[in-house]
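Each chain, letter by letter, is given below.
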Amino acid sequence: MTHPTRFNLPARLLHWSMAVLILAMLFIGVAMVGSLADYGTLVALHRPLGLLILLLAILRLAHRWHRPPPPLPTDLPLWQRRAAHASHIALYGLMLAMPLVGWAMLSAGRIPVAVVGPLVLPPILPQNPMLYAWLRELHTTLAYGLFGLILAHLGAALLHGLIRQDGVFSSMAPWRSRRSAGSF
Ligand code: HEM
Ligand code: HEM
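Anyway, here's the lowdown on the structure attached to this text. (Residues numbered from 1 in each chain as written. Chains lettered and ligands numbered in written order. Predicted model: local features only at pLDDT ≥ 70, side-chain atom pairs only at ≥ 80, totals over all residues. Heavy atoms only, no water.)

Let us look at the coordination of the iron atom of ligand 2. Only His46 (NE2) and His139 (NE2) from the protein coordinate the iron atom of ligand 2, and they sit 2.0 Å from it. Considering all six donor atoms around the iron atom of ligand 2, the spread of angles at the metal, 86 to 179°, places the coordination shape in the octahedral class. Of the two residues, His46 sits in helix H2 (residues 39–66) while His139 sits in helix H4 (residues 129–164), which places them 93 residues apart along the sequence. (Donors = N, O, S within 2.8 Å, 3.2 Å for Na, K, Ca; no water. Tetrahedral: all angles 85-135°; square planar, octahedral: opposite > 155°, others 65-115°. Helix = DSSP H or I, 4+ residues; strand = E, 2+ residues; numbered from the N terminus.)

In structure tokens, the structure reads:
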């Protein structure tokens, strides 16, 4: 059986649309807590985009289950292989945890989780101010962790694309390269 050399089109579309959304969310979050004037507008954008990320992450994991990713190059050192797998698990974990912690935090603070128009999500935790404060801090800590992981991921992607030139970068690139010709 021949393995694909590229992530398929839905996987690439999900990867790049989620990358844009997640980076936007990190900046919206920081801008939101730093700006009194735009707080209402930014938080009204932050909630639905965060929940959209949760839905897309679930969809992406389901798709990955049915269409496993292309294998890593066989000459990749074992520690890099392990680091790649661990960082992908952590990225998926944070794509699920960030929105869930946001939702749980608002629930514990008894703040309505308004999404769009009249759609308001039910609380997933009982009201508890101590829990609210803890989850609020956790949301920030996880956001720093996510940002750090994204930087490491970017560094690894560039290492593959510019130095190793081993096909890993082109497996996720939005465009088709000569290496990936023949794969969708
Ligand atoms: C918010 C930003 C990003 C997130 C959350 C993210 C997340 C992920 C995840 C979870 C995977 C694993 C896919 C899988 O195995 O199912 C992945 C793969 C990949 N990403 Fe990203 N990504 C981001 C940005 C980027 C950027 C900016 C680049 C390139 C400059 C990039 C290049 C790649 C490449 C080349 C792969 C394939 C790596 C492999 O198969 O080991 N990503 N990304
Ligand atoms: C991937 C998804 C998410 C990311 C990356 C993200 C990121 C962030 C960041 C970076 C901050 C600023 C933290 C700080 O500087 O202290 C923040 C704050 C916040 N986030 Fe999120 N968030 C996400 C999802 C959500 C969701 C789904 C909700 C609600 C349903 C939410 C509600 C909030 C609230 C209420 C604040 C704090 C506002 C305040 O302190 O006044 N977040 N988020």
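The full count for this structure, using the stated rule, is two salt bridges. A salt bridge links Arg164 to Asp75, with the nearest nitrogen and oxygen atoms 3.0 Å apart. One end of the pair, Arg164, is in helix H4; the other, Asp75, is in the loop between H2 and helix H3 (78–108), and 89 residues separate them in sequence. With a relative accessible area of 28%, Arg164 lands in the partly exposed category. For Asp75, a relative accessible area of 57% gives the class exposed. Residue Arg164 pairs with Asp166 through a salt bridge whose shortest N-O separation is 2.7 Å. (Salt bridge = Lys/Arg side-chain N within 4 Å of Asp/Glu carboxyl O. Buried < 20%, exposed > 50% of the residue type's maximum accessible area, 1.4 Å probe, protein only.)

Right, let's talk about the site of ligand 1 for a bit. The full set close to ligand 1 counts 20 residues, and His15, Arg64, His88, Tyr92 and His153 are the nearest of them. The separation between a nitrogen atom of ligand 1 and a polar side-chain atom of His153 is 2.8 Å. Elements represented by at least two residues in the shell around ligand 1 include exactly helix H1 (9–34), H2, H3, H4 and helix H5 (168–172). Partitioned by chemical class, the residues of the shell around ligand 1 number 15 nonpolar, three polar and two charged. (Near = heavy atom within 4 Å. Polar contact = N/O pair within 3.5 Å; in protein donor to acceptor, adjacent residues only side chain to side chain. Nonpolar A, V, L, I, M, F, W, Y, C, P; charged D, E, K, R; others polar.)

Another aspect to go through is the packing of aromatic side chains. Scanning the entire structure with this criterion turns up one aromatic pair. Between Phe169 and Trp175, the aromatic rings sit 6.0 Å apart at their centres with planes inclined by 45°, giving tilted as the arrangement. A relative accessible area of 28% places Phe169 in the partly exposed class. (Phe/Tyr/Trp six-rings, centres within 6.5 Å; stacked < 30°, edge-to-face > 60°.)

A few words on the coordination of the iron atom of ligand 1. Protein-derived ligands of the iron atom of ligand 1 are His15 (NE2) and His153 (NE2), with the metal-ligand distances lying across 2.0 Å. In this structure, the iron atom of ligand 1 is coordinated by six donor atoms arranged in octahedral fashion, with angles at the metal of 88 to 180°. Placement of His15 in helix H1 and of His153 in helix H4 is noted, with a sequence separation of 138 residues between them. Assessed through its relative accessible area of 12%, His15 is described here as buried.

The immediate surroundings of ligand 2 are formed by 23 residues, with Tyr39, His46, Arg136, His139 and Thr140 found nearest. In the environment of ligand 2, an oxygen atom lies 2.5 Å from a nitrogen or oxygen atom belonging to the side chain of Tyr39. A distance of 2.8 Å separates a nitrogen atom of ligand 2 from a polar side-chain atom of His46. Elements supplying a minimum of two residues to the shell around ligand 2: H1, H2, H3 and H4.

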